[in-house]
Amino acid sequence: MDFHNLVSMVVWTVSGAVLLCGLMFVDSLFTRYNDLEELKAGNLAVTTRFVLKLVAQGYILSSSIAVASRLGNALIVSAVSFVLLFVLEKTAELLLGKWGKVDLDHGTQLGKVGYGLLAGSLHVTGALIIGAFIR
């Protein structure tokens, strides 16, 4: 590995981390609760959801970096994927709410780990599908 590769690795990593922080911040704006406050309070359901969503976005970003020749392309793919995952989650929440009387956001806020797992797993599943498409 030469110096150029090392510098590129640092730039891509920092750019990816900034994007992931931004995406997780945007995601937190669409929940009924404050993610960071719930994390600090020890809400395991919120923590589980947050971690699974972060893993999903990280997987998509790593997949897009692996095939992208330009940093901007990888970041755009990750941002578009975030929107797709957001739509998937909201659609699943709507269907679960109507058909199963399950409110994922509320259950997660109440600390029900199963709700957090289900909400986060929607993102992981979507990330695996998107990652397969990217590669």
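Residues numbered from 1 in each chain as written. Predicted model: local features only at pLDDT ≥ 70, side-chain atom pairs only at ≥ 80, totals over all residues. Heavy atoms only, no water.

So, about the pattern of salt bridges. This structure, assessed with the given rule, holds 7 salt bridges. Two residues, Lys53 and Asp27, come together in a salt bridge whose shortest N-O distance is 2.3 Å. Placement of the pair is Lys53 in helix 3 (residues 44-67) and Asp27 in helix 1 (residues 3-29), with a sequence separation of 26 residues. As far as the burial class goes, Lys53 and Asp27 line up, both buried. One salt bridge in this structure joins Lys90 and Glu93, with 3.3 Å as the shortest N-O distance. Residue Lys90 and its partner Glu93 are located together in helix 4 (residues 71-100), separated by 3 residues, close to a single helical turn. (Salt bridge = Lys/Arg side-chain N within 4 Å of Asp/Glu carboxyl O. Helix = DSSP H or I, 4+ residues; strand = E, 2+ residues; numbered from the N terminus. Buried < 20%, exposed > 50% of the residue type's maximum accessible area, 1.4 Å probe, protein only.)

This next bit is on the side chain of Glu89. Along the chain, the position of Glu89 falls in helix 4. The exposure class of Glu89 is buried, given its relative accessible area of 1%. Glu89 has contacts with Asp27, Arg49, Lys53, Ala119, Leu122 and His123, leaving out every residue within four places of it along the chain. (Contact = heavy atoms within 4.5 Å.)

Turning next to the packing of helix 1 against helix 4. At a minimum axis separation of 11 Å, helix 1 and helix 4 run at an interaxial angle of 25 degrees. Between helix 1 and helix 4, the crossing angle belongs to the class labelled roughly parallel. Where helix 1 crosses over helix 4, the handedness of that crossing is right-handed. Side by side, helix 1 and helix 4 meet where Val11, Trp12, Ser15, Gly16, Leu19, Leu23, Val26 and Asp27 of the first sit next to Leu71, Ala74, Leu75, Ser78, Ala79, Phe82 and Glu89 of the second. (Axes fitted to C-alpha atoms, helices over the stretch in contact; angles between N-to-C directions. Parallel < 35°, antiparallel > 145°, perpendicular 65-115°, else oblique. Left-handed = near helix turned anticlockwise from the far one by under 90°.)

Right, let's get into helix 4. The end-to-end C-alpha distance of helix 4 is 42 Å, a good match for the 44 Å that 30 residues give at a rise of 1.5 Å each. Of the residues making up helix 4, those classed as buried are Ala74, Ser78, Ser81, Phe82, Leu85, Phe86, Glu89, Ala92 and Glu93. Among the structural elements, helix 1, helix 3, helix 5 (104-109) and helix 6 (113-134) are those in contact with the buried residues of helix 4. Positive phi appears at Lys101, one or two residues downstream of helix 4, with a value of about 55 degrees. (Expected span 1.5 Å × (residues − 1).)

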